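Per-entry structural report
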Amino acid sequence: MPAADPPFDLLRSPLDGRNLIEASAGTGKTYAIAGLFVRLIVEKRMAPSDILVVTYTVAATEELRDRIRRMIREALDVLAGKATDKPFLADFARGLADRKDARDRLREALRGFDEAPIFTIHSFCRRMLEENAFESGSPFDTELLPDERMLREEIVRDFWRKHFYGAPPEFVLYARNRFSGPASFLALLRAAPFRHDARILPEAPPERLEGLAALRKAFAGLRRSWPKSREGVERALRDEALNRTKYGKPERYLEAMDAFLARPWAALPLSDDLAKFSPETLAGAVKKNCRAPAHPFFERFGGFQRVARAVSGEMEGHVRFLQGELFRYVRRELAVRKRRRNLRSYDDLLADLREALSAEGSGILAGAIRRKYRAALVDEFQDTDPVQFAIFETVFGRGDTTLFLIGDPKQAIYSFRGADLFAYIRAASTVQRRYTLAENWRSEPGLIRAVNTLFSRPANPFLYDSVPFGPARAAEGRKASPLTVGGRQEAPLRLWVPDGEGGRITAERARERIRRAVAAEIARLVDAGRRGEALLGDRPLREADMAVLVRTNREALLVQEALTGLGVHSVLYTTGNLFDTGEARAVELVLQAVAEPGDEAAIRTALATDLMGLDGAAIDRLMADTAAWEERVRRFHDWRDTWERQGFIRMFRDLMQAEGVRPRLLALPGGERRLTNVLHLAEVLHGEEMRRRAGMAGLLQWLATQRDEETPRLEEHQLRLESDAD
């Protein structure tokens, strides 16, 4: 096992060269970045605009910006004589030789902090390409294409036409068993990572269908002989010598041969029913001491079958070629068509900057970026991939620029956000110094010891020597708040194992029992907290103190249902998307009825949604009352008029008020979640209406497109918490 890396000393670690800080969750990674920023300003006399900070999401950039700004303010307060509970700032201030100069530099940094380059990786690449258009050879005024789906669909349809419209009919029939059309190729693209530098296998040329002429000749012979042979073949298939468990339905096999030979072209591969006509299959199905029935057609079919198998192998090889060629073709055509239309995707920003940096004479571009940024702090570096690392290595891996890479390689194992563990390992091997952040500020000491014990047992808990497990330790000075129930401290880590019923238990049954057990334990603790028996430190335990982690959004909903059934309030924090919810479908149905109030079927469908709350019997009674039904229809006409004159949001508010949507949804199971989704969707639709100046038809079309499961899901449309309450 490799020697452990030294702990990172925020106050004294050198501020030059290439450095890697490996930081587990809760060890103060963001605090370390903010501290480094302050030190660079004071000790290296840098301005905020000299220090590049890169992370991977817009939300993370906002958090970093806020934390760094606060750290600068707190440093100024300490230099002004105010007390602080942060040892780093206290020691930093004590060690300064010139406190006045430090104050001046920090004040100036605070005034110019809005210029601090704190970017997502994509924003950084885009800015570098635009600011260095001549050095990078980048086209001017390219339009950012956040969603390549439509362009990919266009290219895949062209690929399908190119390879199938002129293909031999036999191959088209064979391919139809593998692909339903262009949609199958689109699904293949979605199922595999689509990286610019990925090697695509196989690299073999297209398969030549050399046996096609022999196949056609043998197939024509079968077609000619079948009408005269059918009656005799039927008698042979009904022969008593055949085992009826294997040849139970001769008429089925005959119908299969009729259909097969009715086509002008042989449809491969041959079905199991057609294989019943081969001499080998017949010989393997006779009763003991009996001879297989014979007929000239069987021999003819046996010869055809051998040719068909050979051609099927050739066709399968060509299918494999097409699967690889699909990725090559789409990659080529995407680049050509985006260049022709002056478009760039998010991935193109990274690939274009990497290509520009690696081009002949690119030292000019790398030098320009190094002159602009004297230091770079790269957060969440475990999410890197080969393209991203090549950019940072080329720009900041040489010269006198300071580079700090901060991340947790254990998270790279899961390939979150396209992370490449091996790119991280290669990057780690190039740095001059490696550190760890080992003090955990988030967890209780007992839990830290338990996790250390669990992961320290195997020699390589994460398989690779390059991804070691470093034991964490509880941060000194952190006030512990252990969980106690009835005056007794609870174990910080417990492992539950479902006991099998009779030694075995199905996965679904195990999941159900786990959900029930988790919900019951939470209900027990919540109840004890309400009675003052369960304490977290010195205060009662509350619902907000507990979290349940699951793998899927569906499992989260099932756990919430179990908790609701026990009277425990909970909220979902999920990566689920707003447009995948039942509320999105219900809102779409209601809006369709509002847009087409003359369509009574659409109105009935809208009334049956949870938003409007009528069941089938209530709708029947309503329609039987002519006056009441006409009043309902009139409402939809009025809402349409409001939408046309005053916009979507005014109409939707009127509809919710008139129909009592809020109290109706809140009365349903999971009502807070449902209402939150409806209000969130209304907000999103209003924003889209304003942004696109969309009318009724345009907004409904946009909603339908967003609900399409093939439309990429955007971060801003993730489900919101339904409540901030405890």
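Right, let's walk through the structure included here. (Residues numbered from 1 in each chain as written. Predicted model: local features only at pLDDT ≥ 70, side-chain atom pairs only at ≥ 80, totals over all residues. Heavy atoms only, no water.)

The strands that make up a sheet are held in pairs by hydrogen bonds between backbone atoms, and each pair lies either parallel or antiparallel. With antiparallel pairing, the four strands of this open sheet are ordered in space as E12-E11-E13-E14. The strands lining the two open edges of the sheet, one partner per strand, are strand E12 (488–489) and strand E14 (539–540). For strand E11 (residues 483–485) and strand E13 (residues 534–536), the ladder comprises three bridges, and the chain directions are antiparallel. Counted as the bridge partner of Val485 is Ala534 from E13. (Pairing = 2+ DSSP bridges. Helix = DSSP H or I, 4+ residues; strand = E, 2+ residues; numbered from the N terminus.)

Turning next to the sheet that holds strand E7 (residues 402–407). Taking strand neighbours across the sheet as the criterion, the six strands line up as E3-E2-E6-E7-E1-E8 in an open arrangement whose pairing is parallel. In this open sheet, the two strands that pair with only one neighbour each are strand E3 (118–120) and strand E8 (433–437). Put simply, the sheet's adjacent strands are angled 20 degrees from each other on average, direction ignored. Lying over the sheet, helix H1 (residues 29–43) contacts strand E1 (18–23), strand E2 (51–55), strand E6 (375–378), E7 and E8, oriented at roughly 175 degrees with respect to E6. (Axes fitted to C-alpha atoms, helices over the stretch in contact; angles between N-to-C directions. Contact = heavy atoms within 4.5 Å.)

What follows concerns the pairing of E7. Counted residue by residue, E7 has six buried out of six residues, so it is predominantly covered. Burial along E7 is two-sided: the face carrying Thr402, Phe404 and Ile406 and the face carrying Leu403, Leu405 and Gly407 are both buried. Note that E1 and E7 share five bridges and pair parallel. In the strand pairing of E7, Glu22 is matched with Gly407. Strand direction decides the pairing type here: E6 and E7, joined by four bridges, are parallel. (Buried < 20%, exposed > 50% of the residue type's maximum accessible area, 1.4 Å probe, protein only.)

Going through the model one piece at a time under the given rule, you end up with 63 salt bridges. Between Arg126 and Glu130 there is a salt bridge; the shortest N-O distance is 3.2 Å. Remark: Glu130 and Arg126 occur in helix H5 (residues 121–131); sequence separation between them is four residues, near one turn of the helix. Glu130 gets classed as partly exposed once you look at its relative accessible area, which sits at 48%. Overlapping salt bridges, with partners in common, bring together Glu154, Asp158, Arg161, Glu333, Arg337 and Arg341 in one network. (Salt bridge = Lys/Arg side-chain N within 4 Å of Asp/Glu carboxyl O.)

Our focus in this paragraph is unusual backbone geometry. In this structure, the amide linkage connecting Leu268 to the following residue, Pro269, adopts the cis form with an omega of 0 degrees. You can see Pro269 is positioned in the loop between helix H11 (250–262) and helix H12 (272–275). Look at Asn342: it is not a glycine, yet its phi comes out positive at around 60 degrees. One non-glycine residue, Glu380, adopts positive backbone phi at about 50 degrees. With respect to the helices and strands, Glu380 occurs in the loop between E6 and helix H17 (386–396).

This brings us to the packing of helix H29 (residues 671–692) against helix H30 (residues 696–707). Here H29 crosses H30 at 125 degrees, and the two axes come no closer than 10 Å. Our classification of the angle between H29 and H30 gives oblique. The crossing of H29 and H30 is right-handed. Of H30, the residues touching H29 (which contributes Leu681, Val684, Leu685, Glu688, Glu689 and Arg692) are Gly698, Leu699, Trp702 and Leu703. Split by residue class, the contact of H29 with H30 holds six nonpolar, one polar and three charged. (Parallel < 35°, antiparallel > 145°, perpendicular 65-115°, else oblique. Left-handed = near helix turned anticlockwise from the far one by under 90°. Nonpolar A, V, L, I, M, F, W, Y, C, P; charged D, E, K, R; others polar.)

To continue, consider the environment of His318. Structurally, the position occupied by His318 is in helix H14 (residues 296–341). When the C-alpha atoms of His318 and Pro87 are compared, they prove to be 67 Å apart, with 231 residues separating the residues in sequence. Excluding its chain neighbours within four sequence positions, the residues that come into contact with His318 are Phe171, Pro206 and Glu207.

Let us now look at a nonpolar patch on the surface. Judged by side-chain polarity, Leu454, Phe455, Leu493 and Leu495 come together as a nonpolar surface patch covering roughly 360 Å² of accessible area. Position of Leu454 relative to the elements: it lies in helix H20 (residues 445–456). Assessed through its relative accessible area of 41%, Leu454 is described here as partly exposed. (Patch = residues over 30% accessible without salt bridge, like charges linked within 9 Å, V, L, I, M, F, W, Y side chains within 5 Å. Areas by Shrake-Rupley, 256 points an atom, 1.4 Å probe, with all protein chains shown as cover.)

The next point concerns the nonpolar core. In this structure, Phe171, Met257, Phe277, Phe297 and Phe304 are the most contacted members of the largest nonpolar core, which totals 56 residues. Take this core: its biggest share by element is 15 residues, from H14. Discounting residues that sit within four places of it in the chain, Phe277 has contacts with Trp226, Val233, Leu237, Tyr253, Leu254, Met257, Leu282, Phe297, Phe298 and Phe301. Counting residues in hydrophobic clusters, the runner-up holds 45 residues, among them Val590, Val594, Met651 and Leu703. (Core = buried A, V, L, I, M, F, W, Y, C linked by side-chain atoms within 4.5 Å.)

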